[in-house]
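Now for the letters of each chain:
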Amino acid sequence: MWGCIIAYSGAYVGRHHFAMLLPSIRVEFGLTSTQAGTILSLFALLYAAGQLISGTLVDRINPRRYLFVGLLGSVLCNILLGFSNSFAMLLVAWGLNGVTQSMLWSPVVRIASLNFSEDKRSTVSFALSIFMPIANVIAWIIAGQMSTIGSWRMGTYVPAAVMLVSTFVSMSLLKESIISASRVNHENKSNPINYKTLMISTGLGLLVMCCIGMGFVRDSIINWGPTILIGMTRLSTEIALRVSLVIPILSILGVVLSKYLFSLIRNNPYHTLTLMLTISAGWAAALLILEPAYALLFALFLALLSMFLAGANPMVTSLIPMMFERTGRVGTVAGIVDCSFYIGSSLSGIATGLITVKYGWDNVIQIWLAVGLIVAVLSYASGKLFYKHVQSKQAA
């Protein structure tokens, strides 16, 4: 378990520091909101496309080797980002990081499904989800400190070093696991469910639409959080960066809360997901009502919205994909789900930038509320279809 946690925590450090670097990068290169959004969107689009490939591949090959290549590639991309001297080079470096980062989540989920029984997988899933925001906090602290006392470029080199260490530590731990080519090949001898049935009968198609919406709102907050606070509350850049740390910190509590709710709702990830999404929509409504002049309270409400989205994350990114083990499509479903998140993320980058330029941040929050309500309905409907499919198979 610790091999998976350290590997993906390192990946988070090598990815989520960019939000804290973005204000300084925009100043140095004179980037508009649209240009900054384009960088974020390119990362997300390439990440999403890569997930489809990775999900399919790790159902067929040893996931540990695939994970190692992705981690090492992301380290190199972060170093390249620090050497960027133009908008074009920023696009190339961060876009390539999207490709390498897309090689990480599917093998982690696949490793978990190969190594843990069904009753242990929820523990692994929640552990991963708790350490993700912790890594996010570490990434934001490193990048924020480097941006204020040094250079944003150091905010790429230090995360790269952290990620390099985590790569070799995790590979050492995973070497002792029971992952084996023979086991991977044995599981692949079963006939996996066809894609039409996978997308329609199991409700995965509806879940994909749900994930797109979740990715849009989640990454609007993650990527634009400090910028939103600067733009709406008129906080200084330094104070806004520090206040923004409450967002990933409360995300940890969101995962803990979702674990409690998951147990309370009889270990049903679909119902837990629907509840968390409904509550997050409520916090979006609260943001619309609150005056931005109450800067700290505004930051708290923004963090609470992010907290419940973070709590929903383990349901949809790991627990639900692992439920597809008997279909022979665990890696594929994990890849499709993560791909869907980053399609939404790509929209959050450039769309959020365009909306703020033309209409302002209030309209972005209105969209968050509408999307939040829609994805709650989609998650509930997806769960109904999945369990109906399971019951039909059991009856056959």
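For clarity, every value in this text was computed on a predicted model and none was experimentally measured. (Residues numbered from 1 in each chain as written. Predicted model: local features only at pLDDT ≥ 70, side-chain atom pairs only at ≥ 80, totals over all residues. Heavy atoms only, no water.)

**What about the overall build of the chain?**
Line of reasoning, step 1. For the chain, the count of helices and strands is 17 helices and 0 strands.
Line of reasoning, step 2. Computed over its C-alpha atoms, the radius of gyration of the chain comes to 20 Å, within 12% of the 21 Å expected for a compact globule of 396 residues.
Line of reasoning, step 3. Based on the C-alpha atoms only, the size of the chain along its principal axes is roughly 60 × 45 × 30 Å.
Line of reasoning, step 4. Contacts in the chain between residues far apart in sequence, at least 24 positions, make up 84% of those at least 6 positions apart. (Helix = DSSP H or I, 4+ residues; strand = E, 2+ residues; numbered from the N terminus. Rg over C-alpha atoms; globule rule 2.2 N^0.38 Å. Contact = heavy atoms within 4.5 Å.)

**Overview of the confidence of the model for the chain**
Line of reasoning, step 1. With 94% of its residues at a pLDDT of 70 or more, the chain has an overall mean of 84.
Line of reasoning, step 2. Model confidence for the chain, summarised as mean pLDDT per element, is weakest for helix α9 (residues 181-187) at 47 and strongest for helix α5 (residues 87-101) at 95.
Line of reasoning, step 3. Between residues 178-189, whose pLDDT stays under 50, and residues either more than four places distant or in other chains, the model counts 26 contacts. (pLDDT = per-residue confidence, 0-100.)

**Here's the deal with the packing of aromatic side chains**
Line of reasoning, step 1. Within this structure, the stated rule accounts for 14 aromatic pairs.
Line of reasoning, step 2. For the pair F83 and Y157, a centre-to-centre distance of 5.7 Å together with 55° between the ring planes defines the contact as tilted. In this pair, F83 sits in the loop between α4 (63-82) and α5 while Y157 sits in helix α8 (residues 154-175), placing the two residues 74 residues apart along the sequence.
Line of reasoning, step 3. Y157 gets classed as partly exposed once you look at its relative accessible area, which sits at 26%.
Line of reasoning, step 4. Here a set of aromatic residues connected by ring pairs shows up, and it is made of F18, F43, Y47 and W94. (Phe/Tyr/Trp six-rings, centres within 6.5 Å; stacked < 30°, edge-to-face > 60°. Buried < 20%, exposed > 50% of the residue type's maximum accessible area, 1.4 Å probe, protein only.)

**Re α4**
Line of reasoning, step 1. End to end, α4 covers 29 Å across 20 residues, agreeing with the expected 28 Å (1.5 Å per residue, within 8%).
Line of reasoning, step 2. Buried residues of α4: P63, Y66, L67, G70, L71, G73, S74, V75, C77, N78, L81 and G82, and no others.
Line of reasoning, step 3. Measuring from the backbone nitrogen of R64 back to the side-chain oxygen at the start of α4 gives 3.0 Å, which picks out N62 as the cap. (Expected span 1.5 Å × (residues − 1). Polar contact = N/O pair within 3.5 Å; in protein donor to acceptor, adjacent residues only side chain to side chain.)

**Some details on the pattern of salt bridges**
Line of reasoning, step 1. Per the stated rule, a full pass over the model turns up 2 salt bridges.
Line of reasoning, step 2. Between R153 and E28 there is a salt bridge, with its nearest N and O atoms 2.6 Å apart. In this pair, R153 sits in the loop between α7 (118-149) and α8 while E28 sits in helix α2 (residues 18-29), placing the two residues 125 residues apart along the sequence.
Line of reasoning, step 3. In this structure R153 comes out as partly exposed when scored by relative accessible area, which is 21%. (Salt bridge = Lys/Arg side-chain N within 4 Å of Asp/Glu carboxyl O.)

**A closer look at helix α15 (residues 295-322)**
Turn by turn, an α-helix covers 3.6 residues, leaving residues three or four places apart pointing in a common direction.
Line of reasoning, step 1. For α15, which comprises 28 residues, the first-to-last C-alpha distance of 41 Å matches the rise-based estimate of 40 Å (1.5 Å per residue) to within 8%.
Line of reasoning, step 2. Here α15 lies mainly inside the structure; 25 of its 28 residues are buried.

**Observations regarding empty space enclosed by the protein**
It is a probe the size of a water molecule, rolled over the atoms, that shows where empty space is left.
Line of reasoning, step 1. In the structure shown here, the tally under the stated rule is 4 cavities of 30 Å³ or more.
Line of reasoning, step 2. Sorting the residues of the lining of the largest cavity by element identifies α7, α11 (204-233), α13 (246-264) and α15 as the ones contributing at least two each.
Line of reasoning, step 3. Class assignment for the residues of the lining of the largest cavity results in 9 nonpolar, 5 polar and 1 charged.
Line of reasoning, step 4. Lining the second largest cavity, in full, are R15, H16, F18, L40, F43, A44, W94, D219, N223, Y342 and S345.
Line of reasoning, step 5. Listing elements by their share of the lining of the second largest cavity, those giving two or more residues are α3 (33-57), α11 and α16 (330-358).
Line of reasoning, step 6. For the lining of the second largest cavity, the leading source of residues is α3, giving 3 residues.
Line of reasoning, step 7. A per-class count over the lining of the second largest cavity returns 6 nonpolar, 3 polar and 2 charged. (1 Å grid on protein atoms, 1.4 Å probe; cavity = no way out; pocket = protein on both sides within 12 Å on 5 of 7 lines; lining within 4 Å. Points joined across faces, edges and corners; volume = space filled by probe spheres on them. Nonpolar A, V, L, I, M, F, W, Y, C, P; charged D, E, K, R; others polar.)

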